[in-house]
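Read off the chains here:
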Amino acid sequence: MAEMNREKIIVKTSIVGIVVNLFLSGFKAFVGIVSNSIAITLDAVNNLSDALSSVVTIIGAKLAGKSPNKKHPLGYGRIEYLSSMIVAAIVLYAGLTSLVESIKKIIHPETADYSVLSLVIMSVAIVAKIVLGLYVKRTGKKVDSGALMASGLDALFDAILSASVLLSAIIYLIFSLPLEAYVGVVISGFIIKSGIEMLCETLDDIIGKRTDSDLSRQIKHLITEEAEVHGAYDLIINNYGPNKNYASVHIELPDTMTVDEVDRLTRRLEVKVYKETGIVLTGVGVYSLNTSDDEAARIRNEVQKIVLSHDWALQLHGFYVDTKAKTIRFDVVLSFDIKPAEAIPMLCQEVQTAYPDYVLQIVPDLDLSE
């Protein structure tokens, strides 16, 4: 139900954006042609590209809202990222086209002819863009839609650029100084920059990026609030579209807990994390913690000193030692400054030197979250 409401809100907001941008594009195109202003004409083209972007956003939201099926059991949410890429490509194309036309006007200048009516229409268009931008951005943030938030920011940016066009027209009327072609170059630069930033941000979502630090800390705090949990590690959050996140984590528990107790705890954690963050815990792994062996605690402290003496060893966890079977196992979080193939043999040699009678099992972990 919530997903359907989200889709309706995105579609409704995008339709508003299409209508407003088409009107603005028509008005600006008329003013640009009548006044022979390349800057205003390019501003009209930019509004037209914004309307097309809203169409793509609607299509993306509709496709992403399709129900999961046997072929795609986690749904189609990532389609929204593809639609965002298309929006970014449209913005980038509009910017490059505008740049070419502006340079042509600089090489072969034409005299602009502004009227009071054209200036009034431009002023109204600026106000309309500000109102539209605030509305779309606020709605995008509300429903966690990257495409809507990008459109909202783009609209607010367009208002600033349109204001610069208006200012160049006023300067021309007062000082007879033609700046519109140069303003067109500036506008094109900002449009291109916006398109590249949108493209890079969407590519980050598709490739997979580092977990947000605040979210990571919140989830780990929720987990370690439980009395039995001595630590939460290896948190991985997989994103399958806006508001569709699935996570796995390792928790450190006393070695005296029964399987039944662990089962009840992990189920409680799954409900708790989902209720507070909306993230589904699909897997909860367990590290066993020595609780009644003083010798094990001493060995842990010594091994920790050895491992963390290296700058690239960020954390040691999941430590367990069996003093009777003579085994030591633990995970070590490595920075991206060293390859696991280099770090693990080095650590094995150092720890083995300190404890030659023990069999070691050291597992490398990546620095995935804080």
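Okay, so let's go over this structure. (Residues numbered from 1 in each chain as written. Predicted model: local features only at pLDDT ≥ 70, side-chain atom pairs only at ≥ 80, totals over all residues. Heavy atoms only, no water.)

### Considering unusual backbone geometry
Applicable threshold: Strands here mean DSSP runs of E at least two residues long; helices mean DSSP runs of H or I at least four residues long; both are numbered from the N terminus.
Phi is positive for D234, close to 55 degrees, though the residue is something other than glycine. Inspection of the secondary structure puts D234 in strand β1 (residues 231-239). The phi dihedral of K326 is positive, around 60 degrees, even though this residue is not glycine. Along the polypeptide, K326 turns up in the loop between β4 (313-322) and β5 (327-334).

### A few points about the sheet that holds strand β2 (residues 245-254)
In plain terms, the rule: Whether two strands pair comes down to DSSP finding at least two bridges between them. Geometry is summarised by axes, namely lines fitted to C-alpha atoms with helices restricted to the contacting stretch, and by angles between N-to-C directions that run from 0 to 180 degrees. Whether two residues are in contact is decided by their heavy atoms: any pair within 4.5 Å suffices.
Spatially, β1-β2-β3 is the arrangement adopted by the 3 strands of the open sheet, whose pairing is mixed. What marks the edges here is a single partner per strand, and that holds for β1 and β3 (280-289). Sheet twist, expressed as the average angle between the axes of neighbouring strands with direction ignored, equals 15 degrees. As paired strands, β1 and β2 are joined by 7 bridges and run antiparallel to one another. Following the sheet pairing, A232 is matched in β2 by I251. Helix α7 (residues 213-224) rests against β1 and β2 of the sheet, and its axis sits at about 130 degrees to β1.

### Description of the sheet that holds strand β6 (residues 359-366)
With mixed pairing, 3 strands are arranged side by side in an open sheet as β4-β5-β6. Only two strands of the sheet have a single partner each, and these edge strands are β4 and β6. Across this sheet, the average inter-strand angle for adjacent strands is 15 degrees, counted without regard to direction. Where β5 and β6 come together, 8 bridges link them in parallel fashion. Paired with T327 across the bridge in β6 is V359. In the packing of helix α10 (residues 340-354) onto the sheet, the strands contacted are β5 and β6, and the crossing angle to β6 comes to about 145 degrees.

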